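Coordinate analysis (summary)
Chain by chain, the residues:
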Amino acid sequence: MSLAGKGILVTRPREQAAPLLERLQAAAARPLLFPSIEIAPPEDTARLHDVIDRLAQFDWAIFISPSAVDMAWPVIESRLGHWPAAVKIAAVGPGTARALQRHGIEQVRLPEQGADSEALLALGEFQQPAGRRVVIFRGEGGREHLAETLRARGARVEYAECYRRRPPRADPAPILAAWRRGEIAAVSVTSAEGVRNLATLLGTAGRALLRATPMFVPHARIAEAARALGVQQVQVTASGDEGLLMSLNEWFAHEQPRA
């Protein structure tokens, strides 16, 4: 019960926050939701429709995030009715795999260790993909490393950009007031863009509070973005809600991170 009474600022998109909020409440924590990213439809829906209409031509579909699943699936169902049985599915991490499972997809290839493009590329299926056709479901303007590496290994890669990220319009005053009352003990952020948006949304006074509060992130790249903004204590957790909860429990149980 090391989280009992601890205020945890959750910044993930509103549509994805409910499972984590429930788990924090079950651990007797006091989660506060303040999304630092808003998920919106893509600018070019015609391009997305074209790729989905040709989905059966691909050997593999890779989903980059839960948002990619949740934004693509209604389009897939409306245009195709069902997932093409011959197209194999891979997900970058367990959260994305769970999103696929909510839509009835049980056979999902996952990295054996880690939850990023590098971990996915280490799988045997993607070591020698020459001649394979791969579609990557992602947001607009994502990292190019996965596609570039697959192309260098001989795969034919296309994007299905099914959403875009944008900073939400939000009033930070209630969150700042709670922070000043000592009601926020830690911050959870799941992307580098989310870190930067959060700093902007909080303004000058809020950034001072942010820098002095422990931040928990699931990847080293996000930690770099946090440290670049002056956050003093950044913890890189294992992937998924389980990894976050484990790190939060450890932090508050021992009042300092393990080496």
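For the structure itself, look to the data block above.
Fair warning: this is a prediction, and the values are worked out from it, not measured in the lab. (Residues numbered from 1 in each chain as written. Predicted model: local features only at pLDDT ≥ 70, side-chain atom pairs only at ≥ 80, totals over all residues. Heavy atoms only, no water.)

Structural notes on the nonpolar core
Core analysis: the biggest nonpolar cluster contains 29 residues, and Phe63, Trp73, Trp83, Leu100, Val135 and Phe137 have the highest contact counts within it. Of all the secondary structure elements, the ones that give two or more residues to this core are α2 (45-53), β4 (60-63), α3 (66-80), β5 (88-91), α4 (94-102), β6 (133-139) and β7 (156-166). Top contributing element to this core by residue count: α3, with six residues. If you look at the next biggest cluster of nonpolar residues, it comprises 23 residues, including Leu176, Ile184, Leu210 and Val234. (Core = buried A, V, L, I, M, F, W, Y, C linked by side-chain atoms within 4.5 Å. Buried < 20%, exposed > 50% of the residue type's maximum accessible area, 1.4 Å probe, protein only. Helix = DSSP H or I, 4+ residues; strand = E, 2+ residues; numbered from the N terminus.)

Here we look at the sheet that holds strand β2 (residues 30-33)
Across the sheet, which stays open at both edges, the five strands sit in the order β2-β1-β8-β9-β10 with parallel pairing between neighbours. Each of the sheet's edge strands pairs with one partner strand only, and the pair in question is β2 and β10 (234-236). Direction aside, the axes of adjacent strands within the sheet are offset by 25° on average. Lying on the sheet, helix α9 (residues 220-228) is in contact with β9 (215-217) and β10; it crosses β10 at an angle near 175°. (Pairing = 2+ DSSP bridges. Axes fitted to C-alpha atoms, helices over the stretch in contact; angles between N-to-C directions. Contact = heavy atoms within 4.5 Å.)

Things to note about the sheet that holds β7
Strand order across the open sheet formed by five strands is β3-β7-β6-β4-β5, with mixed pairing between neighbours. Either end of the sheet is taken by a strand with one partner, and the two such strands are β3 (38-40) and β5. In this sheet, neighbouring strand axes are inclined to one another by 25° on average, regardless of whether the strands run parallel or antiparallel. Those strands touched by α3 are β3, β4, β6 and β7, and its axis lies near 105° from that of β7. Together, β4 and β5 form the strand contacts of α4, whose direction differs from that of β5 by roughly 140°.

What to know about the packing of aromatic side chains
Two numbers describe a pair of aromatic rings. These are the distance of the centres and the angle of the planes. Scanning all chains against the criterion turns up seven aromatic pairs. Taking 5.9 Å as the distance between ring centres and 50° as the angle between the ring planes, the aromatic pair formed by Phe63 and Trp83 counts as tilted. Placement of Phe63 in strand β4 and of Trp83 in the loop between α3 and β5 is noted, with a sequence separation of 20 residues between them. Judged on exposure class, the residue Phe63 and its partner Trp83 are both buried. Among the aromatic residues, those joined into a cluster by ring pairs are Phe63, Trp73, Trp83 and Phe137. The cationic tip of Arg133 hangs over the ring face of Phe58; the distance from NZ or CZ to the ring centre is 5.0 Å. The ring of Tyr159 carries Arg138 above its face, with NZ or CZ at 3.5 Å from the centroid. (Phe/Tyr/Trp six-rings, centres within 6.5 Å; stacked < 30°, edge-to-face > 60°. Lys NZ or Arg CZ within 6 Å of the ring centre and 35° of its normal.)

So, helix α6 (residues 145-152)
Of the positions making up α6, those classed as buried are Leu146, Ala147, Thr149 and Leu150. Down the axis, α6 shows its buried residues gathered within 165° of arc, on one side only. Positive phi shows up at Gly154, right after α6, with a value of about 105°. (Arc of directions from axis to C-beta.)

Section: the environment of Ala147
Looking at the element boundaries, Ala147 is found in helix α6. The class for Ala147 is buried, based on a relative accessible area of 0%. Apart from residues lying up to four places away in sequence, Ala147 is in contact with Ile136, Val157 and Tyr159.

Details of α3
For α3, which comprises 15 residues, the first-to-last C-alpha distance of 20 Å matches the rise-based estimate of 21 Å (1.5 Å per residue) to within 8%. Helix geometry: α3 is bent most strongly at Ala72, by close to 30°, with proline Pro74 lying one to four residues after it. Ser67, Ala68, Val69, Ala72, Trp73, Val75 and Ile76 are the residues of α3 that are buried. Following α3 by one or two positions, Gly81 has its phi on the positive side, about 90°. (Expected span 1.5 Å × (residues − 1). Bend = angle between axes of the 7 residues up to and from the residue.)

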